[in-house]
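Summary of the model geometry
Chain by chain, the residues run as shown.
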Amino acid sequence: MAVNRTTLLNLPLPVTGTESGTWGDTTNNGLTQYVDIAVAGMTSLTSADFSAGSLTISNTSGNSSGTNIAASSAQYATIQVSSLAVNSTITAPSSNRAYRVINADSTYTFTVKASGQTGVTFQPGQSGTVAYNGTDYALVGTIGPTVPVNRGGTGLYIVTGK
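Residues numbered from 1 in each chain as written. Predicted model: local features only at pLDDT ≥ 70, side-chain atom pairs only at ≥ 80, totals over all residues. Heavy atoms only, no water.

**A closer look at helix H1 (residues 23-40)**
Counted at 1.5 Å a residue, the expected span for H1 with its 18 residues is 26 Å, and the 24 Å between its end C-alpha atoms agrees. The sharpest bend along H1 measures roughly 25° and falls at Asn29. Regarding H1, the residues found buried are Thr26, Thr27, Asn29, Gly30, Tyr34, Ile37 and Ala38. Packing partners of the buried residues in H1 comprise strand S1 (3-5) and strand S2 (12-14). (Helix = DSSP H or I, 4+ residues; strand = E, 2+ residues; numbered from the N terminus. Expected span 1.5 Å × (residues − 1). Bend = angle between axes of the 7 residues up to and from the residue. Buried < 20%, exposed > 50% of the residue type's maximum accessible area, 1.4 Å probe, protein only. Contact = heavy atoms within 4.5 Å.)

**Topic: the pairing of strand S3 (residues 42-45)**
Burial along S3 is one-sided: the face carrying Thr43 and Leu45 is buried and the face carrying Met42 and Ser44 is not. The pairing of S3 with strand S5 (residues 78-81) spans four bridges and is classified as parallel. Its bridge partner lying in S5, Ser44 is registered against Gln80. (Pairing = 2+ DSSP bridges.)

**Observations regarding the side chain of Asn10**
Structurally, the position occupied by Asn10 is in the loop between S1 and S2. The class for Asn10 is buried, based on a relative accessible area of 16%. Among the polar contacts made by the side chain of Asn10, one reaches the main-chain carbonyl oxygen of Thr60 at a distance of 3.4 Å. Apart from residues lying up to four places away in sequence, Asn10 is in contact with Arg5, Asn59, Thr60, Ser61 and Gln75. (Polar contact = N/O pair within 3.5 Å; in protein donor to acceptor, adjacent residues only side chain to side chain.)

**Examining the packing of aromatic side chains**
Scanning the model with the defined rule gives two aromatic pairs in all. Centre to centre, the rings of Tyr99 and Tyr137 are 6.0 Å apart; their planes meet at 45°, and the pair counts as tilted. Taken together, the positions of Tyr99 in strand S7 (residues 98-103) and Tyr137 in strand S11 (residues 137-143) put the pair 38 residues apart, joining distant regions of the chain. Exposure remark for Tyr137: the relative accessible area of 0% places this residue in the buried category. Taken together, the aromatic side chains of Tyr99, Tyr132 and Tyr137 make up a single cluster linked through ring pairs. (Phe/Tyr/Trp six-rings, centres within 6.5 Å; stacked < 30°, edge-to-face > 60°.)

**Topic: the nonpolar core**
Residues Tyr99 and Phe110 are the most contacted members of the largest nonpolar core, which totals 21 residues. Where this core is concerned, the elements lending two or more residues are S5, S7, strand S8 (110-113), strand S9 (120-122), strand S10 (127-132) and S11. Those residues within four positions of Phe110 in sequence are excluded, and the remaining contacts are Phe50, Ile79, Val81, Leu84, Ser88, Ile90, Val101, Asn103, Val120, Thr121 and Phe122. (Core = buried A, V, L, I, M, F, W, Y, C linked by side-chain atoms within 4.5 Å.)

**Observations regarding the sheet that holds S9**
Taken together, four strands build an open sheet; the order of strands is S4-S6-S8-S9 and the sheet is mixed. At either end of the open sheet lies a strand with only one pairing partner, and these are strand S4 (54-56) and S9. Taking each pair of neighbouring strands and ignoring which way they run, the sheet shows an average axis angle of 20°. Of the pairings in the sheet, the one linking strand S6 (residues 88-91) to S8 comprises four bridges and is parallel in character. Across the sheet, Ile90 pairs through a bridge with Val112, a residue of S8. (Axes fitted to C-alpha atoms, helices over the stretch in contact; angles between N-to-C directions.)

Okay, here's the thing in structure tokens:
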């Protein structure tokens, strides 16, 4: 069975004639479920999902046996964090992605970044959207309190929420 993958969402591209008898499972587990979470899915993370305040999310792949979708799957459209124990960071894949981010924690900050970069930090209660700009995740817009926000290493900007 040969299945190629798309470059952006890691979705299956079954090679014609190779998925006899399992094509439906491959499509349902590796395509339909992933498109669903990429468009409308939200992962809710707490301190239990982080190790010393850090979590690396990565693209997962479904196959004829199962979706393999986990809380740390990078394909989710929205990332919500709450009940953090320390300021926390998610390292997301360096790929053409955007995430809606909700920091539902009342005490700690939350950062989304690419590996080796500084990313975007959300203050407690702040929400917004980040997108990968070819180097790091950059702020697209926020909702929440007026606070200084780290915009991907380019300095601090005051962002007014509405």
